[in-house]
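Secondary and tertiary structure notes
So you can see what is in the structure, the chains are spelled out below.
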Amino acid sequence: MGGMNGLRIAICEAGQWFSFRHYQALCVAIIVAVIGTLTYEGPQGPASSLYFHGMIHVGSFAACLGAQLWVVLVAGMTMFFILPRHVFGKLQTFLFPMFFLWCLASTGLALSTFSSLYPLQTWDRTHRTQIVCLLISITTSFINCIVLAPLIIESMVKTFQFEVDVGAGHIVGHAVVRELLENPEYVRSYSKFRRCHSVSALLNVISLLANFVYLHYFVSRIIQSVD
């Protein structure tokens, strides 16, 4: 009972932290700040300012791409195959919103600094392709933050709590809990979780592909400047 109470407390704490007031409002603020930066056409700064913006741009893009590769290829798969389902779920209630917010903020920085490094009047086809890639990345992160993350966490917590209640919370990896298959509430919750998680994963893949396309053009531009 102590373990179950601890799980319920953790779920409540996650629900309090993951709120419209603290989390989704911050996501909207990031988008507003990015739009404001993109629509502001100030004078071209000195070389030191461009150098600073360039460092932020490269660092923020690398932070987003690195986080995506780590979560998709390393952390997610490792935790899924070694942690009990309810522990994995409790951890994900915090990691999901933090990961999506990290990608949103870092891509927002990359998008904002791109406009300062390459003014709109200097854009060519390559620049337009790069900006589209960044817009795809930030859009998918925003959808995950605002729409999908709350649905995933809500359904995941509910699903795993059902499994803990019947003594199946210790299962590692994929589970088919036969005694719960006749529970319509569990089936609805589990189906909702799988649907939302699948859409979120697809958006992550799209964002990852867009970032690789951006990286291709970024490196190609560096090689051209060296030549």
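For the structure given in this document, a descriptive report is provided here. Each chain has its residues counted from 1, following the order in which its sequence is written. Local features in this predicted model are restricted to residues of pLDDT 70 or higher, and side-chain atom pairs are both shown and tallied only at a pLDDT of 80 or more, whereas totals for entire chains, interfaces and linings draw on every residue. By convention in this description, side-chain values take in all heavy atoms of the structure and omit both hydrogens and water.

Attention shifts here to the layout of surface pockets. Of the pockets and cavities examined, the largest pocket occupies roughly 850 Å³. Lining the largest pocket are 32 residues, and of these G76, F88, Q92, F96 and H197 lie nearest its centre. Segments assigned H or I by DSSP are reported as helices when at least four residues long, segments assigned E as strands when at least two residues long, and all are numbered from the N terminus. Among the secondary structure elements, those contributing two or more residues to the lining of the largest pocket are α3 (47-82), α4 (85-117), α5 (125-165) and α6 (184-226). When residue character is reported, Ala, Val, Leu, Ile, Met, Phe, Trp, Tyr, Cys and Pro are called nonpolar, Asp, Glu, Lys and Arg charged, and the others, Gly included, polar. Across the lining of the largest pocket, the residue classes break down as 22 nonpolar, eight polar and two charged. Detection works on a 1 Å grid of protein atoms alone, calling trapped sets that fit a 1.4 Å probe cavities and calling open sets with protein on both sides within 12 Å along at least five of seven lines pockets, with lining residues defined by an atom within 4 Å of a point. Grid points are joined across faces, edges and corners, and a volume is the space filled by probe spheres set on the points.

A separate point is α4. For a helix, the expected span equals 1.5 Å multiplied by the number of residues minus one. In a regular helix each residue adds 1.5 Å, so 33 residues correspond to 48 Å; α4 covers 46 Å between its end C-alpha atoms and thus fits that length. Here the bend at a residue is taken as the angle between two axes, fitted respectively to the seven residues that end there and the seven that start there. In α4, a bend of some 35° at Q92 exceeds every other bend along the element.

Stacked, tilted and edge-to-face pairs are distinguished by plane angle, under 30 degrees for stacked and over 60 for edge-to-face with tilted covering the rest, among Phe, Tyr and Trp rings (Trp via its six-membered ring) whose centres lie within 6.5 Å. Across all of its chains, the model carries seven aromatic pairs by this definition. With centroids separated by 5.6 Å and ring planes inclined at 45°, the aromatic side chains of F99 and F100 adopt a geometry described as tilted. With respect to class, F99 is no different from F100; both count as buried. Taken together, the ring pairs connect F61, F114, Y118, W123, Y214 and F218 into an aromatic cluster. Positioned above the aromatic ring of Y190, the side-chain terminus of R194 is 5.7 Å from the ring centre. The rule is short: NZ of Lys or CZ of Arg within 6 Å of the ring centre and within 35 degrees of the ring normal puts a charge over the ring. Sitting over the ring of Y118, R221 keeps its end group 5.8 Å from the ring centre. Buried residues are those whose accessible area, probed at 1.4 Å on protein chains only, stays under 20% of the maximum for their type, while exposed residues exceed 50% and partly exposed ones sit between those limits.

We call a set of buried residues a nonpolar core when its members are Ala, Val, Leu, Ile, Met, Phe, Trp, Tyr or Cys and they connect through side-chain atoms within 4.5 Å of each other. If you look at the biggest cluster of nonpolar residues, it comprises 31 residues, and the most contacted ones within it are F61, F100, L134, I152 and Y214. Elements with a contribution of two residues or more to this core: α3, α4, α5 and α6. The leading source of residues in this core is α5, at eleven residues. Between two residues, a contact is recorded if the distance between any of their heavy atoms is within 4.5 Å. Those residues in contact with F61 that lie beyond four places of it in its chain are A110, L134, N211, Y214 and L215.

A separate point is the environment of G89. Secondary-structure assignment places G89 in helix α4. Leaving out residues up to four positions away in the same chain, G89 has contacts with M156 and F160.

Any link to function would need more than the numbers given here.
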